[in-house]
Amino acid sequence: MKISIIIPTYNRAPFLAEALESVIKQTVFPTLFKNQEVEILVIDDGSEDNTRKIVEQFKPYTTYLRQPHRGVSAARNHGLQRARGELIAYLDSDDLWLPEKLAVQLSFMKAFPRCMVCYTEEIWLRHGRRVNPKKKHQKYSGWIFDKVLPLCLLSLSSAMFRRQLFEEIGFFDESLPAAEDYDLGIRAAHRYPIHLIERPLIIKRGGHSDQLSHKYWGMDRFRIRALQKALSLQLTPEQERLVRLEIIHKAQILVQGFQKRGKNKEAIYYKQLIQEQTAKLKN
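Analysis parameters
- Residues numbered from 1 in each chain as written.
- Predicted model: local features only at pLDDT ≥ 70, side-chain atom pairs only at ≥ 80, totals over all residues.
- Heavy atoms only, no water.
- Buried < 20%, exposed > 50% of the residue type's maximum accessible area, 1.4 Å probe, protein only.
- Helix = DSSP H or I, 4+ residues; strand = E, 2+ residues; numbered from the N terminus.
- Pairing = 2+ DSSP bridges.
- Polar contact = N/O pair within 3.5 Å; in protein donor to acceptor, adjacent residues only side chain to side chain.
- Contact = heavy atoms within 4.5 Å.

Visitor: Account for the pairing of strand β4 (residues 87-90), with residues named and values stated.
Guide: Each regular strand shows side chains that alternate between the opposite faces of the sheet. Residues L87 and A89 line one face of β4 and the alternating positions I88 and Y90 line the opposite face, and both faces are buried. Two strands pair when backbone bridges link them, and strand β1 (residues 3-9) and β4 are joined in this way by four bridges, in the parallel orientation. Across the sheet, residue S4 finds its bridge partner in β4, namely I88. Here two bridges tie β4 to strand β8 (residues 160-162), and the two strands are oriented antiparallel to one another. Bridge pairing in β8 links I88 to F161.

In structure tokens form, the structure reads like this:
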């Protein structure tokens, strides 16, 4: 059962070196590599630093693939198109895997062949210091469609997927500048149960300025687009109600934010969206 590890990156050479090191140090990696059951695909999204030299330091374990700067979704899709594994594991280049991550998830996926995706608990670092996730970030297991609507629970660096899942629900949405993981999580949770391994097996490092949450104000703009897409899925009446309620909730937050910034045109758009969704709920 071959595993394809896909690492998208853009101008993060120092972080990337540590991320790759955390993959090579996986307890099962030597055996997997010897048996040709693992590949590491680094997708360079047009970096202007020494990313290529960093990747070359990890030969023969890595395959370096470069593309013009098109965003993280395009990089993840590029990796998926080139991947040869039945199992897919993404790692953001600023995150780290703990040594047992691959072993635990590989064992889980072998034990439960119908499982399409599993994910793990996480350790969070902000500016190098450990922080505790808030209650709203609690992870769940099973049919969790309702749980993935408020915010993104499916951390890609902690997940392992069967390739079949992407063939069924589609790849990452390259039209979304951000919240593409939130969008994928909604589509995945609608189709299949998502299984939680209640053990922290990755380190998520945050706080640096190039993170998308810092780059884009009003991330709920992109989450609303993902929710609007979700309305085209074959939802139950209750699922549709929950999606529309979440659109209204996020739109209300955006209205307040745009009004504070004096952006009345944008505020009016989301006020109209609230009215539309409210009317749909009454029908």
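Visitor: Talk me through unusual backbone geometry; I want residue IDs and the actual numbers.
Guide: Here K59 and P60 are connected by a cis peptide whose omega angle stands at 5°. Positionally, P60 belongs in the loop between α3 (51-56) and β3 (62-66). Positive phi, normally seen in glycine, also occurs at Q36, with a value near 55°. If you trace the backbone, Q36 turns up in the loop between α2 (29-34) and β2 (38-44). In this model, H127 sits at a positive phi of 55°, which is unusual for a non-glycine residue. Mapped onto the elements, H127 comes out in the loop between β6 (117-126) and β7 (129-131).

Visitor: Kindly report on the side chain of E122, identifying the contributing residues and their values.
Guide: Here E122 is to be found in strand β6. Looking at E122, its side chain comes within polar contact range of the side chain of W124, at 2.5 Å. One polar contact links E122 to S155, side chain to side chain, over a distance of 3.1 Å. Residues within four places of E122 in sequence aside, it is in contact with K139, S155, S158, P200, I202 and K204.

None of the figures reported here should be taken as evidence of function without further support.
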